[in-house]
Amino acid sequence: MNEIDRRTFSKMLTAGAVAASLPMLSGATLDRKEPAVLPGIKPGTNTSPGSLKQINAGVLNIGYAEAGPVEGPAVILLHGWPYDIHSYVDVAPLLAAEGYRVIVPYLRGHGTTRFLSSHTFRNAQQSVIALDIIALMDALKIEKAILAGFDWGSRTADIIAALWPERCKALVSVTGYLITNREKNKLPLPPKAESAWWYQYYFATERGRLGLEENRHDFARLIWKNVSPTWDFDDATFDRTAAAFDNPDYVSIVIHNYRWRLSLAKGDPRYDRLEKRLAEGPVIAVPTITLDGELDPFTPAGDGASYRNKFSGKYAHRTLKGIGHNLPQEAPEAFAEAVVEVDGF
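Residues numbered from 1 in each chain as written. Predicted model: local features only at pLDDT ≥ 70, side-chain atom pairs only at ≥ 80, totals over all residues. Heavy atoms only, no water.

Caption draft 1: Summary view of the pairing of strand 5 (residues 101-105). Where burial is concerned, most of strand 5 is hidden: five out of the five residues are buried. Residues Arg-101, Ile-103 and Pro-105 of strand 5 are buried on one face, and the alternating residues Val-102 and Val-104, pointing to the opposite face, are buried as well. Pairing geometry for strand 3 (residues 60-67) and strand 5, over four bridges, is antiparallel. Residue pairing for strand 5: Glu-66 is matched across the bridge by Ile-103. (Buried < 20%, exposed > 50% of the residue type's maximum accessible area, 1.4 Å probe, protein only. Helix = DSSP H or I, 4+ residues; strand = E, 2+ residues; numbered from the N terminus. Pairing = 2+ DSSP bridges.)

Next up, the structure:
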């Protein structure tokens, strides 16, 4: 670690609060690689993603946090729902200390990201969110980046890796391959799997939209507890993220996203060609590490085997024992190590 990186690391971390906390890993037998090893960090060491920046990109003015040397290789970390950039509050300084330029944007409808025009369709279909990140990369003059994410962020990173591989150096994807095929999405799942998606069906109703509008913070807290059963987050941790849900477009974006997935809401016809390509289930050829949280109710059975054929490049898989859905915030060291490891593929 050079002196610049040491200063970056010191600035981003709370002094004296670093401790080893690597969760146990259960590696699939598929293309197994030994994980990278970074300095240990206790989840929750950091409370702030650092100073926020804003930039016009496409139809948005995007809010984002940045860490690490500007000349370093770019890593873009993408959050899910109902979460925000604080999911990476401990991951970002670890990567910055390794010399990476780390960009953590608020997705549309979250935090300080705003639409430039009040007339823009509040669209949350999958291709549009990916195009937001391409526009952000263009605005920041980032030609190619390592993309890493979970939940909505995994889907977005998967799409860019599949359709614009020239912009994606490597990929870390939690829960594997999440590109949506809306026709297949019409088919029922086993009852136990369906129960984890209860809110998706709630959002299909007007009652659900009103419920999210009136109870957006309590709703998110319930989701956090259900999908991360061992994550002992405190009120302050939740409140820091919950502030991102006060975005004026939050409800519109969340409701459209889930209704669109169930074919209950239309997308923008301008993106039909992209959605058709995505519905075909394109294989991802860039180097990839997939991560599963053992206790995440959305983790498919088979230790990564169910989506292995969707990745044709150099590949490794890890299952993190005792970890739930918000994997980067629950297990920041393991997530950061996956980013460094996949960069070396």
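Caption draft 2: How the structure looks around unusual backbone geometry. A cis amide bond links Trp-81 to the next residue, Pro-82, at an omega of 0°. Within the secondary structure, Pro-82 is located in the loop between strand 4 (74-78) and helix 2 (91-97). The phi dihedral of Lys-141 is positive, around 60°, even though this residue is not glycine. Assignment of secondary structure puts Lys-141 in the loop between helix 3 (126-139) and strand 7 (145-149). By relative accessible area, which is 75% here, Lys-141 ends up exposed. The backbone of Ser-263 sits at a positive phi, close to 60°, despite the residue not being glycine.

Caption draft 3: Just the pattern of salt bridges, in detail. This structure, assessed with the given rule, holds twelve salt bridges. Asp-343 is paired through a salt bridge with Lys-169; the nearest N and O atoms lie 2.6 Å apart. In this pair, Asp-343 sits in helix 13 (residues 332-343) while Lys-169 sits in strand 8 (residues 168-174), placing the two residues 174 residues apart along the sequence. For Lys-169, a relative accessible area of 39% corresponds to the partly exposed category. Linking Glu-213 and Arg-216 is a salt bridge whose minimum nitrogen-to-oxygen distance equals 2.5 Å. Residue Arg-216 is classed as buried on the basis of its relative accessible area, which comes to 13%. Counted as one network, the salt bridges with shared partners bring together Lys-53, Glu-66 and Arg-101. (Salt bridge = Lys/Arg side-chain N within 4 Å of Asp/Glu carboxyl O.)

Caption draft 4: Main features of the pairing of strand 2 (residues 52-57). In this sheet, strand 3 lies alongside strand 2 in antiparallel orientation, the contact comprising six bridges. Bridge assignment links Asn-56 to a residue of strand 3, and that residue is Asn-61. Counting the residues that bridge the hairpin from strand 2 to strand 3 gives two residues, and of these Gly-58 lies at a positive phi of roughly 65°.

Caption draft 5: Summary view of the side chain of Ser-173. One can find Ser-173 in strand 8. The class of Ser-173 is buried, set by a relative accessible area of 0%.

Caption draft 6: Representation of helix 4 (residues 152-163) within the structure. In this model, helix 4 (twelve residues) spans 17 Å end to end at C-alpha, consistent with the 16 Å of a helix rising 1.5 Å per residue. Burial of helix 4 is extensive: twelve of the twelve residues sit out of reach of the surface. Turning to helix 4, the residues buried within the fold contact strand 4, helix 3, strand 7, strand 8, helix 10 (250-261) and helix 11 (272-279). (Expected span 1.5 Å × (residues − 1). Contact = heavy atoms within 4.5 Å.)

Caption draft 7: Structural context of the side chain of Ser-127. Of note, Ser-127 is situated in helix 3. Residue Ser-127 is classed as buried on the basis of its relative accessible area of 1%. When residues no more than four places from it in sequence are discounted, the contact partners of Ser-127 are Ile-159, Tyr-271, Leu-274, Glu-275 and Leu-278.

Caption draft 8: Representation of the environment of Ser-263 in the model. When you line up the elements, Ser-263 lands in the loop between helix 10 and helix 11. Sequence-wise, Ser-263 and Arg-182 are 81 residues apart; in three dimensions their C-alpha atoms are separated by 6.5 Å. In this structure Ser-263 touches Arg-182 and Lys-186, once residues within four positions along its chain are discounted.

Caption draft 9: Structural view of the nonpolar core. Residues Leu-77, Trp-81, Leu-95, Tyr-199, Phe-203, Leu-291 and Phe-335 are the most contacted members of the largest nonpolar core, which totals 106 residues. For this core, the element with the highest residue contribution is helix 3, accounting for eight residues. Filtering out sequence-adjacent residues up to four positions away, Leu-77 remains in contact with Tyr-88, Val-91, Leu-95, Val-102, Ile-103, Val-104, Pro-105, Ala-148 and Phe-335. (Core = buried A, V, L, I, M, F, W, Y, C linked by side-chain atoms within 4.5 Å.)

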